[in-house]
Amino acid sequence: MPKDFHPHLRHLESESIFVMREVAAQFERPVLLFSGGKDSILMVHLARKAFAPARVPFALVHIDTGHNFPETLEFRDRLVAEVGATLHVGSVQASIDAGRVHEEAGPNPSRNGLQTVTLLDTLAELKADVALGGGRRDEEKARAKERFFSHRDRFGQWDPKNQRPELWNLFNGRRNPGEHFRAFPISNWTEMDVWQYIAAEGVAMPSLYFAHRREVVERDGVLLARSEFNTLLDGEQWDERTIRFRTIGDATCTGATESTASSLEEIIAEVAASRVTERGGRSDDKRTEAAMEDRKKVGYF
Amino acid sequence: MDILRFSTAGSVDDGKSTLIGRLLYDTKSIFEDQLEQVEDASHRRGEGYVNLALLTDGLRAEREQNITIDVAYRYFATPKRKFIIADTPGHIQYTRNMVTGASTAELAVILIDARNGVLTQSKRHGFISSLLGIPHVLVAVNKMDLVDWSRERFEEICAEYAGFAEKLGVDALTFIPISALRGDNVVDRSASMPWYEGTTLLHHLEHVNVGAHRNLVDFRFPVQYVIRPDQDYRGYAGRVASGAIRPGEEILVLPSGRRTKVRSVDTADGSVPLAEAGDSVAITTTEELDISRGDMIVRPMNLPEVESEIDATLCWTSDAPMRPGTQYWLRHTTREVKAFVSRLVYRIDVDTLHRETVDRFELNDIGRVHITTAQPLFLDRYALNRETGSFILVDPHTNHTVAAGMIRGSVRHAEDLPREREEGPERRPVSPDVVWEEWNVSLSEREARNAHPAGVLWFTGLPGSGKSTIARALERRLFDMGAQTMLLDGDQVRHGINGDLGFSPQDRTENIRRVGEIASLFFRQGSMVICTFVSPFRADRERARSLIPDGRFVEVFVDTPVEECRRRDPKGLYARAGRGEISHMTGVSSPYEAPEDPEIRVQTVGRDVDEVVRGILGALAERGVLPNGGSRGG
């Protein structure tokens, strides 16, 4: 990145690289959680920069709910090949088939909550002692309290009231066997920072983030895309609109927004003018006031 | 656009959450769905208003108890700047959270409720801010609407707090009268307080100088990770902690002490001509040395202290008490060593600032300790360098972070440290109705432009000892090396500015007091100030020293025996004193208190000026206060 260009982005990039190198130095078996969304794509980009000219020293882990947009998987496989990283896929369907978890009942079953079990099982299987995630503190109020190095006990649980103080740039990754850490190198980035950086660096992004025509249904204020995983309720019908996604996750709970932003510049302008958070389109966060805190405590991303 | 990190400390009662809510709301950083959630929650809780505190108190326990427990980070941006708020609780049982939030902040916002005035809590926040070395303190006197926008009330609070802050050595102190609830002077100017002529709170946040705490002079590069894709490449990865480095410069690696040169400074976008404090890079060297994580790359002429007996201020962050002798892991830069507290010097009552003798530290205690480490650390004093002056202690059994530490120096020098920060310097006189305004351009910016540290070299010695001759030759050398210099000489200042003073002990003291203040101004302007004054009284010299940051005041004692001075007598003063023509002649009829432990002691008998100047330059290089010929084009 040019030296005088966006000093705040340079600062954030340098901080994230510092955290990633600290993870590589302090842990034995680090993995990088890859969802296919922009934050995890950014994470892969930063990891490449942190260790160049060497290869990224993290394996990628994708927790697959089975409810994917096909574009996400194509993009994932291309990126993995380009980076030359190892990809491990943890399948929620496999967890269901093995009886580890049970599918929600009802017309709009979300596998979001189920992911936690698959995630913890996958980390245990890989003997991972740290999982790097693309969580940002500006996303949600429970995440605002996250550390860069966040401790998880033997059951994968987060204890928000008893976190290790994180002072200066001194990260304490000491752990006992069976415990692991989550590391959040892009904690201090905002949605706007992410898009500005992606534009400045020319990072490739999946087509889902750009405006396109798609069949959707509006339910509880959220636009859900037509897919084999979403079924219509009585009185609903598919309706083709020009939309884009602000976040990409499980197709059953990731809402689209009506938008004509088809370039990075237009997306940045839209984010600047937006009066709704990006998670505003996530029906999983709307369940209770402390939905995110409760999910994070048991081991969610 | 740059970034300002600031901390806020306080409880809901102070209006802290309301203030943050106001900043976020007025800068359009709260989104509709967040506001909706808060409105819903306020409604469910039966509150008759939108409780903006619910925006910041994110944990369930916090909302249930209506308090802030943990540090929460908030983000907002204006077209000028991106802001990161470390929002911390204010109650004493959360001191460790305040310390955590303050550790990365460049500015502290301290809230005072105008109705209650300066409470113990406000003082505690000020103390912690000064302890953690936060360069700017902004005191927001809130709830002005509830004291009828009273100017007298505001000024009363300012005077009381400024008096307290002076004891702490906080000098960049700004007061702003606000009403967070109504928005007065937060983002927009208040129509209700026309008597207030200063800026709004947001305007101050947007314009305050950032990076003031950064040390741009002393190059320190803790090696974090070695990048080695194949046999042909070996890059030492890390983030520049302070100072700057260019390819081709000579470097020294600690602890081995081996020297080599920088071959390249690499990033993923290619090699760069310069890496500065804060940059994550990889350094390659011209010779293959055995360098690994925990080593530190520095310049041969500007070394950190290499110490295993450390004098430090500690904040205890664990429920389990600390007892001297217990072993911990000590994490400092990228280094981890075993350590124990060898002596507990005292605990500070953070509310009264009194020192107490105790046999252990409990949660949230702050005090001074001596620490012994199994291997030496490569350190600087925290006051000079936050990055290489800070450490944490980790319990080897629970793995918890149990203490935050700020290095004061090595134990060897601890007993010599003449000034205790918490005691503060002797009171400086202040004109009535004057409030301290911070320096417009910071010292670190000036030093970065000058490419050398500022410093005060204070020559003391008897009349005729050779002070002026040496000082003049030294200034010429420094100036020729490219340094910005200034020489202050007794005969000059007694023409004009001190022309009203005689030679009585009182006038001598006043003479040195003024010179100290003048030297301090030139210092702030980035110069290497050379002062050459008999300055016979120890207390006067110590007062001049107290105006200059630790490590930047170098006392040079020109130690020539009085018989030799009398023999040289270049100005004929001894002869005139002998004839009784001069009263109060130092060394004859007036005492000279020689320095007990000057930074530099110079013998002049039988040595020529060049030799003496070379010796002083060498001593200055060791202390890192010398224009570095190899650095940044200096």
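Here is what the cut-offs are and how they apply
Residues numbered from 1 in each chain as written. Chains lettered and ligands numbered in written order. Predicted model: local features only at pLDDT ≥ 70, side-chain atom pairs only at ≥ 80, totals over all residues. Heavy atoms only, no water. pLDDT = per-residue confidence, 0-100. Helix = DSSP H or I, 4+ residues; strand = E, 2+ residues; numbered from the N terminus. Pairing = 2+ DSSP bridges. Axes fitted to C-alpha atoms, helices over the stretch in contact; angles between N-to-C directions. Contact = heavy atoms within 4.5 Å. Salt bridge = Lys/Arg side-chain N within 4 Å of Asp/Glu carboxyl O. Phe/Tyr/Trp six-rings, centres within 6.5 Å; stacked < 30°, edge-to-face > 60°. Buried < 20%, exposed > 50% of the residue type's maximum accessible area, 1.4 Å probe, protein only. Buried area = accessible area lost by both parts, 1.4 Å probe. Nonpolar A, V, L, I, M, F, W, Y, C, P; charged D, E, K, R; others polar.

**Details of the confidence of the model for chain A**
Here is step 1: On average, chain A scores 85 in pLDDT, and the residues at 70 or more come to 88%.
Here is step 2: The least confident element of chain A is helix 8 (residues 291-297) of chain A, whose mean pLDDT is 65; the most confident is strand 1 (residues 30-33) of chain A, at 96.

**With respect to the sheet that holds strand 4 (residues 107-113) of chain B**
Here is step 1: Judged by pairing direction, the sheet is mixed, and its 6 strands sit side by side in the order 2-3-1-4-5-6 (chain B) without closing on themselves. On the outer flanks of this sheet lie strand 2 (72-77) and strand 6 (173-177) of chain B, each paired with one strand and no other. Across the sheet, the mean angle separating the axes of adjacent strands is 25° when strand polarity is ignored.
Here is step 2: Each of strand 1 (2-9) and strand 3 (81-88) of chain B is contacted by helix 1 (residues 7-26) of chain A, which is oriented at about 70° to strand 1 of chain B, the strand it contacts most.
Here is step 3: Strands strand 1, strand 2 and strand 3 of chain B of the sheet are contacted by helix 5 (residues 95-103) of chain B, whose axis makes an angle of about 165° with strand 3 of chain B.

**Re the pattern of salt bridges**
Here is step 1: Scanning the entire structure with this criterion turns up 59 salt bridges over all chains.
Here is step 2: The network of salt bridges with shared partners includes R541(B), E542(B), R545(B), E555(B) and E599(B).

**A few points about the packing of aromatic side chains**
The geometry of an aromatic ring pair comes down to the distance between the two centres and the angle between the two planes.
Here is step 1: Scanning the entire structure with this criterion turns up 23 aromatic pairs over all chains.
Here is step 2: Consider the rings of F148(A) and F171(A), whose centres lie 5.4 Å apart with planes at 45°: the pair is tilted. In this pair, F148(A) sits in the loop between strand 4 (130-132) and strand 5 (149-152) while F171(A) sits in the loop between strand 5 and strand 6 (180-183), placing the two residues 23 residues apart along the sequence. F171(A) carries the same exposure label as F148(A), and that label is buried.
Here is step 3: Between the aromatic rings of F219(B) and F221(B), the centroid separation amounts to 6.4 Å while the plane-to-plane angle is 15°, which identifies the pairing as stacked.
Here is step 4: On the basis of relative accessible area, F219(B) is assigned to the buried category, the value being 1%.
Here is step 5: F221(B) sits in the buried class, given a relative accessible area of 0%.

**Section: the interface of chain B and chain A**
Here is step 1: With 74 residues of chain B at the interface, the matching set in chain A holds 62 residues.
Here is step 2: In total, chain B and chain A occlude about 6000 Å² of area from one another, counting both sides; carbon and sulfur atoms represent 51% of this.
Here is step 3: Where chain B packs against chain A, one counts 6 salt bridges.
Here is step 4: As a salt-bridge pair, K49(A) and D269(B) come within 2.9 Å of each other at their nearest N and O atoms.
Here is step 5: With 6 residues, the top contributor of residues to the side of chain B that touches chain A is helix 2 (residues 32-44) of chain B.
Here is step 6: Its residues placed into classes, the side of chain B that touches chain A shows 30 nonpolar, 22 polar and 22 charged.

**Overview of helix 1 (residues 16-26) of chain B**
All names here are of chain B.
Here is step 1: Within helix 1, 8 of the 11 residues are buried, which leaves the element mostly enclosed by the surrounding structure.
Here is step 2: Considered for burial, the residues of helix 1 that qualify are K16, S17, L19, I20, G21, R22, L23 and L24.
Here is step 3: Where helix 1 terminates, the next one or two residues include K28, which has phi positive at roughly 60°.

**Digging into the confidence of the model for chain B**
Residues and elements named next belong to chain B.
Here is step 1: Overall, the predicted model of chain B reaches an average pLDDT of 85, with 89% of residues at or above 70.
Here is step 2: Considering only residues more than four positions removed or in separate chains, one finds that residues 414-426, a stretch of pLDDT under 50, has 35 contacts.
Here is step 3: pLDDT under 50 marks residues 629-634. Its contacts with residues more than four places away, or in other chains, come to 15 contacts.

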